[in-house]
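Each chain, letter by letter, is given below.
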Amino acid sequence: MAQFRVCPQSGLYFHKSAESLMKANAVAAVVFLLLAGVLALLVTLTRWPTVHLLPADAFYMVLTAHGINALLFWIIFFEMAVLYFASSTLLRSRLATPRWAWLGFWLMIIGAITTNVAIFQGASSVMMTSYVPMPAEPHFYLGLILFAVGALIGCFVFLGTLAVAKGENTYDGSIPLVTFGALTACIIAIFTIASGAIILIPTFLWSVGLISYIDPVMYRIVWWAMGHSSQQINVATHVAIWYAIAAIVFGAKPMSEKVSRGAYLLYILFLQLASAHHILVDPGVSSTWKIFNTSYAMYLAVLASMIHGLTVPGAIEAAQRKKGYTNGIFEWLRKAPWSNPVFSGMFMSLIMFGFLGGITGVVMGTEQINIIIHNTLYVPGHFHATVVAGTTLAFMAITYFLVPVLFRRELILPGLAKWQPYIFSIGIILFTLFMMGAGTMGVSRRHWDMSFADASTILGMTFEYPGTAKLMMGIVGISGVLSIIGGAMYVLIVVGSLLFGKKLEASAGFWQNFGVPLADSCYSPTRPERLGRPPVIEEHGSAGFEAPGTFVLAIVFLVTFVVYYFINWKYLASVWPMS
Amino acid sequence: MSAILPPAERLWWNTPVGRQEIVWVGIALLWCLILFAMMPYWHVYGKQNLSNEAYKIYPAAYETKVKAMVDQYKVREEGPQLIPVVHPPAGSDVYILARLWQWWPILELEKNQTYRLHLSSLDWQHGFSLQPLNINLQVIPGYEMVVTMTPDTSGEYTIVCNEYCGIMHHTMLGKIFVKE
Ligand code: HEM
Ligand SMILES: [Cu+2]
Ligand SMILES: [Cu+2]
């Protein structure tokens, strides 16, 4: 018998099995974030030239582990929780096949542990990309395959839940925009995992000797069909979280359902193409193919992100204006709840994702400009702006909402929580900017020693980067540590709240943090009332600008984008002619 | 709370879109088309493009070709590993191979002359990162890439390996000298 509880604080309904799965996945995510953060500290302290902490072999091992634990395990466990939330909770539906969902969860756990064991045994320091023909141990690939199968099961449980909700008529009209965004993420995830299977299964067979040769260019193309698309899962998910937080904190209503959903559709249609931007300077792939694919068929997915970048803050502005914050262009923003980490985290995620991650991604994904960027530190600079400043911070922001609502615990240390998004953001802004700066000066990614001390003894060759590059790497080190402190605050607050936070439901015990339900008295066997549509307000198609402040921000963004884009062409024009 | 509720209008796809969004989508689309057009434009009018010229080749066959060039044009050797320095004629095909953990041989080129630079790896993937210019190319075993280059500045240039290639990756340097 399906059992639901209603959260008195948010009015959201939680289905008992779905709730347990959300908790288990979210807790697993935070555990892997903690691990990834410790590894990040070691990596950062090694790349900080004056500290240069680890020896080379440990550095490459820890870097492999950092990438995989952060990008795959933290992010994807959290996404599973988001999928279950967006389907079961937002649609007031029971979760389809909870047993399968648990199977998926445990496969992901076993897979994650297997791969970590392989890495820390020391013979699989191949970086997360594991480019052939450099070999890792078979169980390195096997763990990733198990993890992916588990995630795939989660995707099907999500789709099944949408079908159940439709079949049992739990909501009126169309699915909410946030669920639509999660559906986008899920569709892209299925494509991603299929590509992953196509490349990882043969690579596994190769590592045990059953296949003799894997073409390295083919590997790169298919691996990135997985590697890139999985970033689009992240984008689709964190945009959905932006919309969700705008709705939760402000009661904001999407400016236009049609435009926002259309933008999501563009993601589904075009994002898969973009694996090309990782192989722009590879041999054996033609320029025509590169141009078409790296631009997602004329940048239509970039267009989609630019649309969300307007409609999310636009919806917030419109909601704030309705509440009376109508003075000038920016009163709505000044009077926003900046001390609420749910909002401040979400808003900074949006700004940093656009200005730092988005602009640099398009610049370095330009076929020719990639020549001056490929494999330099610019690359991790860029993707820490997308996947840390964008996705990770958005996930952190929604956690502050979920701790009381899902886990029924009050946040501990609210004063610290108020500051956490700011400290994390300042750290990440400096960290990514200076990493990109060092990359522009040629400093290589995945590199243990930018002073090349050993090369002079072995090869008799010396090389030094400009002094500014070294200085920048010092700032990368310091700001990296700052952002890790911000991350540690998050882990402390979340774990502390789950363990010691005031219980908001009388019966919430210790184990309920890890997937055990609350006491029976919290649930009722009756189904929640059908989720209705909000009343129609006739205000669409207004000739005026509903959100002028947002429009100004959008224009500032565009100008930054244009200027920075052409600066890079100018820089490219200064290197040796090539054809 | 409406992004987490079903759309108010049952036929939400029929409701008109506000002016502000239409204007922004128009501007953004225009910018996207410019972004797209810049790449073909640069192929025609820009000076920094990659060729598309590449061949599949067995690593051993590539090694033979590089050795032939070295035997013909070697001028001296450098360093404890006696890495040959070659000075091929202006305008010719020049070869560099990547292997664990060196770039071989060292090239000596002439300023403002055009060369066809061939790159491939004998073992794992490597990254050709020419510093301080910051020209970066992926070097892949089994594939021979050809890029026509015209060094228009002279001096000592260093090839850093910027694709992770194992434990001594950070020692993998090479040189290109450009003479006036
Ligand atoms: C917040 C603090 C963090 C810091 C200070 C940090 C620092 C670093 C550093 C210094 C590198 C190495 C760059 C190089 O030498 O190539 C790196 C790589 C990486 N980081 Fe982070 N990181 C952080 C968080 C994250 C998070 C949250 C994610 C994912 C969600 C992430 C994903 C990655 C990935 C995928 C790599 C690339 C690994 C590779 O090259 O194979 N990082 N990080
Ligand atoms: Cu990508
Ligand atoms: Cu190398």
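See above for the structure.
Residues numbered from 1 in each chain as written. Chains lettered and ligands numbered in written order. Predicted model: local features only at pLDDT ≥ 70, side-chain atom pairs only at ≥ 80, totals over all residues. Heavy atoms only, no water.

A. Representation of the coordination of the copper ion (ligand 3) in the model. All names here are of chain B. Binding of the copper ion (ligand 3) to the protein goes through His126 (ND1), Cys161 (SG), Cys165 (SG) and Met172 (SD), at separations of 2.1 to 2.6 Å. Considering all 4 donor atoms around the copper ion (ligand 3), angles at the metal cover 91 to 123° and the coordination shape is tetrahedral. Coordination of the copper ion (ligand 3) draws on donor residues from a single chain, spaced H-x34-C-x3-C-x6-M in sequence. Residue class for Cys165 comes out buried when judged on its relative accessible area of 0%. Residue Met172 is classed as buried on the basis of its relative accessible area of 1%. (Donors = N, O, S within 2.8 Å, 3.2 Å for Na, K, Ca; no water. Tetrahedral: all angles 85-135°; square planar, octahedral: opposite > 155°, others 65-115°. Buried < 20%, exposed > 50% of the residue type's maximum accessible area, 1.4 Å probe, protein only.)

B. Expanded view of the packing of helix α4 (residues 138-167) of chain A against helix α5 (residues 177-207) of chain A. Residues and elements named next belong to chain A. Between α4 and α5, whose axes approach to 9 Å, the crossing angle comes to 155°. When the interaxial angle is binned, α4 and α5 end up roughly antiparallel. The hand of the α4/α5 crossing is left-handed. Partitioning the contact of α4 with α5 into residue classes produces 23 nonpolar, 3 polar and no charged. (Axes fitted to C-alpha atoms, helices over the stretch in contact; angles between N-to-C directions. Helix = DSSP H or I, 4+ residues; strand = E, 2+ residues; numbered from the N terminus. Parallel < 35°, antiparallel > 145°, perpendicular 65-115°, else oblique. Left-handed = near helix turned anticlockwise from the far one by under 90°. Nonpolar A, V, L, I, M, F, W, Y, C, P; charged D, E, K, R; others polar.)

C. How the structure looks around empty space enclosed by the protein. All names here are of chain A. Overall, the coordinates contain 7 cavities of 30 Å³ or more when judged by the stated rule. Size it by volume and the second largest cavity reaches roughly 130 Å³. Residue lining of the second largest cavity: 13 residues in total, with Val82, Phe85, Ile241, Ile398 and Leu402 positioned closest to the centre. Secondary-structure elements contributing two or more residues to the lining of the second largest cavity are α2 (56-91), α6 (216-250) and α12 (378-405). Sorting elements by how many residues they give to the lining of the second largest cavity places α2 first, with 5 residues. When the residues that make up the lining of the second largest cavity are grouped by side-chain class, the tally is 13 nonpolar, no polar and no charged. (1 Å grid on protein atoms, 1.4 Å probe; cavity = no way out; pocket = protein on both sides within 12 Å on 5 of 7 lines; lining within 4 Å. Points joined across faces, edges and corners; volume = space filled by probe spheres on them.)

D. Structural detail: the interface of chain A and chain B. Residue-level contacts link 123 residues of chain A with 92 residues of chain B. With both chains or domains summed, chain A and chain B bury close to 9,700 Å², and 68% of this area falls on carbon and sulfur atoms. Area buried by chain A at its contact with chain B is led by Leu459, Trp576 and Met578 of chain A, which between them contribute 9% of it. Summed over the shared surface of chain A and chain B, the result is 3 salt bridges. For the salt bridge of Asp172 of chain A with Arg10 of chain B, the shortest nitrogen-to-oxygen distance reads 2.5 Å. Where chain A meets chain B, there are 44 residue pairs in polar contact (both at pLDDT 80 or more). (Contact = heavy atoms within 4.5 Å. Buried area = accessible area lost by both parts, 1.4 Å probe. Salt bridge = Lys/Arg side-chain N within 4 Å of Asp/Glu carboxyl O. Polar contact = N/O pair within 3.5 Å; in protein donor to acceptor, adjacent residues only side chain to side chain.)

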